[in-house]
Structure formats: structure tokens, C-alpha cells
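Breakdown of the fold
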Amino acid sequence: MKTMIKQIRSVIVDVPIKRPHQFSTEIVSTKSFVVIQVELENGLIGIGEGTTPGIWWNGESVETMQLVIERYLKPLLINQDPRNIEQLLQLFDRHVRANPFAKATVEMALFDVVGKIYNAPVHQLLGGLFQEAIDVKWALATGDADGDIAEAKELVSSKQYRDFKIKAGKYQPIDDAKRAIKIAEGLNGISTIGIDPNGSWDKLTAVRWMERLNDAGVDFLEQPLSPLDFEGAAKLVSMKKVPVMADESVATIQDAQRLVQEKAADIFSLKIHKSGGMRNTLKIAAIAESAGLVCFGGTSLESSIGSAASIHAFGTIRNLTYGCESFGPPWLADDLVKNPLKFKEGKVIIPSGAGLGVELDETKIEKYRRKKERVTNGVF
Ligand SMILES: [Mg+2]
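Residues numbered from 1 in each chain as written. Predicted model: local features only at pLDDT ≥ 70, side-chain atom pairs only at ≥ 80, totals over all residues. Heavy atoms only, no water.

Here we come to the sheet that holds strand β6 (residues 163–167). The sheet built from 7 strands is open, its strands ordered β5-β6-β7-β8-β9-β10-β11 with parallel pairing. With partners counted over all chains shown, the strands left at the sheet margins are β5 (137–140) and β11 (294–297), one partner each. The sheet shows a mean angle of 30 degrees between the axes of neighbouring strands, direction not considered. In terms of strand pairing, strand β9 (residues 244–246) meets strand β10 (residues 267–270) through 2 bridges, oriented parallel. If you follow Met-245 over to β10, its bridge partner there is Ile-267. Packed onto the sheet, helix α6 (residues 145–157) meets β5 and β6 and runs at close to 150 degrees relative to β5. (Pairing = 2+ DSSP bridges. Helix = DSSP H or I, 4+ residues; strand = E, 2+ residues; numbered from the N terminus. Axes fitted to C-alpha atoms, helices over the stretch in contact; angles between N-to-C directions. Contact = heavy atoms within 4.5 Å.)

Here it is in C-alpha cells:
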């Protein structure tokens, strides 16, 4: 069987979102993706998708990903056997520093096509499922605490979602803390709420509000401090109040090792893109497991392509006990596949078809293909 890589194609698409996002200078109403296809000599095609929360998150964007893939990763892949994934990842790292989102996009397509070679779902290539469906936490974003409480109660009563998280960082840390407490108290006994300030809080505020956040029942505090402030995170963990989740501060296996050594996290938020793919994500989960820590499945708000890859990996991790936030597909107004991921009673179901188990919809790619250059900070 001729399984060498013959060609790689990439395209940038802008997909509409259901709830337009107001930034200081513009209203963003789309999410951008780079979609790639890795084609083998025998005609099999693997698909991969790259997207970021925005270039502010780690310095990559769909435009940088496409450039890195087309100019630097593609030449390393042509005429290679896609089944040698770990070897290829090492090749990427030796030729291209950083750029984990671009590398993860290619790794995703490699796993998809290898799954198709063996007619096996990606999760079987990764060790087999530990859970077949994963709890999904929905992000509340109505703009005020009362609206968020009402939305959460509605979603719980209609059995769509059971647990929630809120983004913070737009206002002063004290206002974020008060809002989180109000929502947590409003949902007490009905649901749980975590808060994610994306590293925007200062240590003094976080320490002083920790006890009240805990008393209100806040379920987790995600990356409250700068990703570089390991000492501050360790202080928060040592208080043994609200569990502290690392997100921006845990991207590489070395980050994970340092967080463990410095006791600077209770929970790791895993994201396949920030860590350069599924293989690295599993390694990070293993470091967490070695220290008795648990994991949460994070998202960069992917379509059903990237979300499928994420949950294939998450589903194989035994210490992923905090659920996930892979709600990209229902958050988007449209999808890029013919068979979008299924969500049922607060869970996302891991596909069982070969490879990623999702089939690219070429008509959607054509429909949303970027027509002209545009400038955006991205969303979320
Ligand atoms: Mg986060």
C-alpha cells in the first residue's frame, strides 16, 4: 500500500458565530480556521484544523499557521510515511521553533489519515477510550450576572448543560470576583461555575478573595495570575481553597514538570493546539497523573474537526475528571463537516468512525473560504 505523503493543501475560512462579539474597535462575527488536507499516494486524505483564541493568546494566528505549514512543515512531510508521527513531530521541532498551533494542525491531519489507513478511530491509536462521552462546561457570556444565572438555569432545566464557566478580565479583578460570587451563589445547589480571568488578576486580589470565592462555591479558578507567576500560583494552591487550574502556564511538557515541582496547580487545562498536538497533550496528562493532579479538556473554540481531535485525546486520559469545554460546534453558527459532533444532556460524544470520524464538507469550505484580506484580533 502506497502510504507516502504526496500533497498538502491549506485554506483559511471564516465561519459565522451565533453571538457576535464586541471588541473596542469592531464587532467580530466570525471565527477563523486554517483547514489542511494531507493526501497520500493511494488517495487517502487526512484533515486537520488550526484556530486560536486570538493572536494575543500565544502569538499565533491562522495566517501565521498557514505560512509555517506551507513554507516550513510541508517540505518536511512530502514523501514521508504519515504513520511515523513521533518521528515527524521531532523533525518539526528540530526545524521550526515553537509554533505549536501550526504543528498540532498537521499532527491532527496525520492522525486522521493514519486512522483511515487502519480503519480505526484516532482514540484507538492513542490507547483506547477511558470514557465514551465527556461532560461539557458551557461558557456563560450574557454580559451581567443576573443574565448569566438565568441562562444557566435555563440550560440546566432543558438538560443541555450542567456546569459552567465564565470569562473574566474585562473589568477590575474585584468586580470579576464579585460577579463570580454572585453567579456561584445564584446557582448554588443547581450547578457549578468556574472563572477564567486569562491571567489578568493580581496576586493581592486573588489571595484576599480566595476564601470568599470558596465559600460561594466557585468550582475552579483558571489561570488567575500571569502565566509566568509560578510563585503566586503556588501561594494560591497552598491556601487549599478554590482549586487552581493552569491554562496559559501549561503548554509544554517542561511547563507541566515545573508546575508539579513548584506545586503551582491543582488542575491542568489541556489543549491540543497550545501543546503542539495530541501526543504532547497525553504526555502532559501523564505528568499530572504522576503528581496526583487532575485534568480538564480546554478548547480554542474549534469546529467539529478540531473538537473531534481534542475529545479523541481527552477520552483516553484516565485523570481527565474535570470534564471539558469542547463546545465550539454549538457555539459556531455553522460547521465544516457533514457529520458534526453530537451533544447530549451536557456531554459530547466521541466519534467512532475511522480517523477523526468527521467528514469534511467541501461546500462549506467553498462557502466560507476567505475572499479578501481582513484584519481581526480574533474572538474569545
Ligand atoms: Mg483559559
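Next comes the rest of the description.
What follows is about the coordination of the magnesium ion. Protein-derived ligands of the magnesium ion are Asp-196 (OD), Glu-222 (OE) and Asp-247 (OD), with the metal-ligand distances lying across 2.1 to 2.4 Å. Mapped onto the sequence, the residues coordinating the magnesium ion show the spacing D-x25-E-x24-D. Note that Asp-196 is positioned in strand β7 (residues 192–196) and Asp-247 in the loop between β9 and α10 (253–261), a separation of 51 residues in sequence. Judged by relative accessible area, which is 1%, Asp-196 ranks as buried. (Donors = N, O, S within 2.8 Å, 3.2 Å for Na, K, Ca; no water. Buried < 20%, exposed > 50% of the residue type's maximum accessible area, 1.4 Å probe, protein only.)

Further remarks concern unusual backbone geometry. Within the chain, Asn-79 stands out as a residue other than glycine whose phi angle is a positive 70 degrees. With respect to the secondary-structure elements, Asn-79 resides in the loop between α2 (62–77) and α3 (85–95). Positive phi values are uncommon outside glycine, yet Leu-301 reaches one of about 60 degrees. Inspection of the secondary structure assignment puts Leu-301 in the loop between β11 and α12 (304–314). Judged by relative accessible area, which is 0%, Leu-301 ranks as buried.

Pairing is antiparallel in the open sheet, where 3 strands are placed in the order β4-β13-β12. The open sheet has two free edges, formed respectively by β4 (133–135) and β12 (343–344), since each of these has just one partner strand. For β12 and strand β13 (residues 347–349), the ladder comprises 2 bridges, and the chain directions are antiparallel. Residue pairing across strands places Lys-344 opposite Lys-347, the latter belonging to β13.

This brings us to the nonpolar core. Note on soluble globular proteins: their nonpolar side chains tend to be buried together. Counting 116 residues, the largest nonpolar core has Leu-213 and Phe-268 as the members making the most contacts within it. Of the residues forming this core, the biggest block, 10 residues, is contributed by helix α4 (residues 100–118). With residues up to four places along the chain from it excluded, the contact list for Phe-268 reads Met-245, Ala-246, Val-250, Ala-256, Leu-259, Val-260, Ile-284, Ala-288, Leu-293, Val-294, Cys-295 and Phe-296. (Core = buried A, V, L, I, M, F, W, Y, C linked by side-chain atoms within 4.5 Å.)

Let us look at the domain arrangement of the protein chain. Here the protein chain is partitioned into domain 1 (5–121 + 361–368) and domain 2 (124–349). The distance between the C-alpha centroids of domain 1 and domain 2 comes to 24 Å. Taken together, the contacts link 38 residues of domain 1 with 36 residues of domain 2. Taken over both partners, the interface formed by domain 1 and domain 2 buries close to 3100 Å², and the fraction arising from carbon and sulfur atoms is 64%. Summed over the three residues of domain 1 that lose the most area to domain 2, namely Arg-19, Trp-57 and Pro-121, the buried surface amounts to 20% of that side. At the boundary of domain 1 and domain 2, one finds 4 salt bridges. (Domains from an automatic or database assignment. Buried area = accessible area lost by both parts, 1.4 Å probe. Salt bridge = Lys/Arg side-chain N within 4 Å of Asp/Glu carboxyl O.)

Moving on to the environment of Asp-146. Considering the arrangement of structural elements, one finds Asp-146 in helix α6. The exposure class of Asp-146 is partly exposed, given its relative accessible area of 46%. With 37 residues separating them along the chain, Asp-146 and Ile-183 place their C-alpha atoms 7.4 Å apart.

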